[in-house]
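# Structural overview
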Amino acid sequence: MTKAPFTRRSLMATGGAFMAAGASGLMVPARAAGLAPTPSMRGGSNNYRPGAAIVDRIGGGGFWMTGTVRRAGDGAPLPGQRIQIWAHTTEGHERDPQSHGATLTDANGEFRLEMPQIVPAFGQPHGHLAYDSGAFETVFLRPIMSRSSDKTLTAHFVLQPV
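Sequence positions are assigned chain by chain, starting from 1 and proceeding in written order. Owing to the predicted nature of the model, reporting of local features is limited to residues with pLDDT of at least 70; listing and counting of side-chain atom pairs is limited to 80 or more, with chain, interface and lining totals taken over all residues. Calculation of side-chain values draws on the structure's entire complement of heavy atoms; hydrogens and water are dropped beforehand.

Within the largest apolar cluster, 22 residues are counted, with the highest numbers of intra-cluster contacts made by Leu129 and Phe157. Mapped by element, the contributors of at least two residues to this core are β1 (63-71), β2 (82-87), β4 (110-115), β5 (127-131), β6 (139-141) and β7 (152-159). Considering every element that reaches this core, the biggest residue donor is β7, with four residues. We call two residues in contact when some of their heavy atoms are within 4.5 Å. Ignoring any residue separated from it by four or fewer positions in sequence, one finds Phe157 in contact with Thr38, Thr68, Val69, Arg70, Ile83, Phe111, Leu129, Ala130, Tyr131, Val139 and Leu141. Throughout this description, the term nonpolar core refers to a set of buried Ala, Val, Leu, Ile, Met, Phe, Trp, Tyr and Cys residues connected via side-chain atoms within 4.5 Å. Three labels apply to residues, based on accessible area from a 1.4 Å probe with only protein chains included: buried if under 20% of the type maximum, exposed if over 50%, partly exposed otherwise in between. Secondary structure elements follow DSSP: runs of H or I of four or more residues count as helices, runs of E of two or more count as strands, with numbering from the N terminus.

The rule for a salt bridge is simple: a side-chain nitrogen of Lys or Arg has to be within 4 Å of a carboxyl oxygen of Asp or Glu. Applying the stated criterion across every chain yields a total of four salt bridges. The partner of Arg71 in a salt bridge is Asp74, and the shortest N-O contact between them spans 2.7 Å. Residue classification places Asp74 among the exposed positions, given a relative accessible area of 54%.

Pairing between strands requires that DSSP locate at least two bridges from one strand to the other. Strand order in the open sheet formed by three strands is β4-β1-β7, and the pairing between neighbours is mixed. The open sheet has two edge strands with one neighbour each: β4 and β7. This sheet shows a mean twist of 20° between the axes of neighbouring strands, independent of strand direction. Across six bridges, β1 lies against β4 in antiparallel orientation. Each bridged residue has a counterpart across the sheet, and for Thr68 the counterpart in β4 is Glu110. Angles shown run from 0 to 180 degrees and are taken between the N-to-C directions of axes, each axis being a line fitted to C-alpha atoms and, for helices, limited to the stretch in contact.

Let us look at the packing of aromatic side chains. The description of an aromatic ring pair rests on the distance of the ring centres and on the angle between the ring planes. In this analysis, rings of Phe, Tyr and Trp, with Trp reduced to its six-membered ring, are considered paired at centre separations within 6.5 Å, and the interplanar angle assigns stacked below 30 degrees, edge-to-face beyond 60, and tilted for intermediate values. Under the defined criterion, the tally for this structure stands at four aromatic pairs. Ring geometry for Tyr48 against Trp86: centres 5.8 Å apart, planes inclined by 50°, an arrangement best described as tilted. Of the two residues, Tyr48 is situated in the loop between α1 (8-24) and β1 and Trp86 in strand β2; the sequence distance between them amounts to 38 residues. Both rings, one in Tyr131 and one in Phe136, keep their centres 6.0 Å apart while their planes meet at 75°; by these two values the pair is edge-to-face. Judged by relative accessible area, Tyr131 falls into the buried class, the value being 0%. Residue Phe136 is classed as buried on the basis of its relative accessible area of 11%.

This is the structure in structure tokens:
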């Protein structure tokens, strides 16, 4: 029996057929029924302080932490959800109480909290966010900024009911 050579062309044709089958619905992904929950990120809970107060702003401001909160499965926006935010900023370290605050999502499941400019800690400019209110599984995020000079950082939560 002769084996056909595996060429770049045959690989591309096979990959294209595989992609077309997936796009047509012949292949069903494991979570096709809905939106998968956001997993906690490594290092996300570092310096977490349970019960941080809901605030209008952290410190002097000038930087915006924004994002959305949706329910796993159907992706429905979740209003009134508490998101805690903390970071190493121009006004304090992420372990300092004054560097922590929480906000609530609006009717569209969106949140926005002004805080001091985030600065690099351990070589990376990053923020910390947590959903920890109890109706859904706790999620800790640690998104990294593209540049230290960025004035916003966005993070999205997809929460799994407890």
